[in-house]
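Overview (structure and organization)
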Amino acid sequence: MNEAARNGYRLEMALIRTSAQYEGRPGDIARGRELARDFLARVGARQGTPVSRRAGDLVQLVVSELLTNACKYAPGPALVDLELSGGQVEVTVWDTAPALPVAQPADPARIGRHGLEIVKAVCHHFEVRREAVGKRTTARIRLADDA
């Protein structure tokens, strides 16, 4: 038994996380999806954590939607963090705009501006917090499909 176990501490698995900065240039959204794909491949290979195709698609969708909003509505850079945490991927996007996003009421006639509705519908957890500069949007997606 190791020292931590004898003292009643639980050892956590090494975190798997990645981050990238984007400037709102053409191709940033595609690069964000690629970051998510590479991250999920690493999660599967390193941790042996099963990542369903559905979960992989949802993580890429959430990264794409949150990064699109940051590039579209916030001047300056945006940061994307992806972290494996308890069978979920936590997607966090920081941007410079202090205004908190508001999901629009459902309107099948409206063209566009459905991204936040979609993100909230597919995530296990969603929150937005103001920061000293800008805001931080966090969404969590479960990796395994429910039985």
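Structure shown above.
Everything quoted here is computed from the prediction, not taken from an experiment.

Cut-offs and rules
- Residues numbered from 1 in each chain as written.
- Predicted model: local features only at pLDDT ≥ 70, side-chain atom pairs only at ≥ 80, totals over all residues.
- Heavy atoms only, no water.
- Helix = DSSP H or I, 4+ residues; strand = E, 2+ residues; numbered from the N terminus.
- Buried < 20%, exposed > 50% of the residue type's maximum accessible area, 1.4 Å probe, protein only.
- Contact = heavy atoms within 4.5 Å.
- Areas by Shrake-Rupley, 256 points an atom, 1.4 Å probe, with all protein chains shown as cover.
- Polar contact = N/O pair within 3.5 Å; in protein donor to acceptor, adjacent residues only side chain to side chain.
- Core = buried A, V, L, I, M, F, W, Y, C linked by side-chain atoms within 4.5 Å.
- Salt bridge = Lys/Arg side-chain N within 4 Å of Asp/Glu carboxyl O.
- Arc of directions from axis to C-beta.

On to the overall build of the chain. The helix and strand tally for the chain stands at four helices and five strands. The helix and strand sequence of the chain, counted from the amino end, reads α-β-α-α-β-β-α-β-β. Per-residue burial for the chain yields a buried fraction of 37% across its 147 residues. Considering only contacts in the chain between residues 6 or more positions apart, those separated by 24 or more positions represent 64%. Of the roughly 8800 Å² of accessible surface on the chain, a fraction of 53% belongs to carbon and sulfur atoms.

This part takes up the side chain of aspartate 28. Its place among the elements puts aspartate 28 in helix H2 (residues 28-47). Residue classification places aspartate 28 among the buried residues on the basis of a relative accessible area of 4%. A polar contact of 2.9 Å, which involves the side chain of aspartate 28, links it to the backbone nitrogen of arginine 25. Contact partners of aspartate 28, with chain neighbours within four places excluded, come to Tyr22, Glu23, Leu67 and Cys71.

Take the environment of leucine 116 next. Position of leucine 116 among the secondary structure elements: in helix H4 (residues 115-122). Sequence separation between leucine 116 and asparagine 69 is 47 residues; the distance between their C-alpha atoms is 8.7 Å. Residues in contact with leucine 116, not counting those within four places in the same chain, are Pro101, Val102, Ala103 and Phe126.

In this structure, Phe39, Val59, Val62, Leu82, Val89 and Val91 are the most contacted members of the largest nonpolar core, which totals 28 residues. Other than its neighbours up to four places away in sequence, phenylalanine 39 contacts Ile16, Arg17, Thr18, Leu82, Glu83, Leu84 and Val89.

Further remarks concern the pattern of salt bridges. One pass over the structure, following the stated rule, counts seven salt bridges. Glutamate 83 is paired through a salt bridge with arginine 17; the nearest N and O atoms lie 3.3 Å apart. Linking glutamate 83 in strand S2 (residues 78-85) with arginine 17 in strand S1 (residues 17-22), this pair joins segments that are 66 residues apart in sequence. Sharing partners across several salt bridges, the network here consists of Arg129, Glu131 and Arg136.

For H4, every residue scored as buried is listed here: Gly115, Leu116 and Val119. The buried residues of H4 occupy an angular sector of 95° when the element is viewed end-on, so they sit on one face. At its buried positions, H4 is contacted by helix H3 (53-73), strand S4 (125-130) and strand S5 (135-142).

Moving on, we come to the environment of glycine 86. In this fold, glycine 86 is placed in the loop between S2 and strand S3 (88-95). As a C-alpha pair, glycine 86 and arginine 142 span 56 residues in sequence and 8.8 Å in three-dimensional space.

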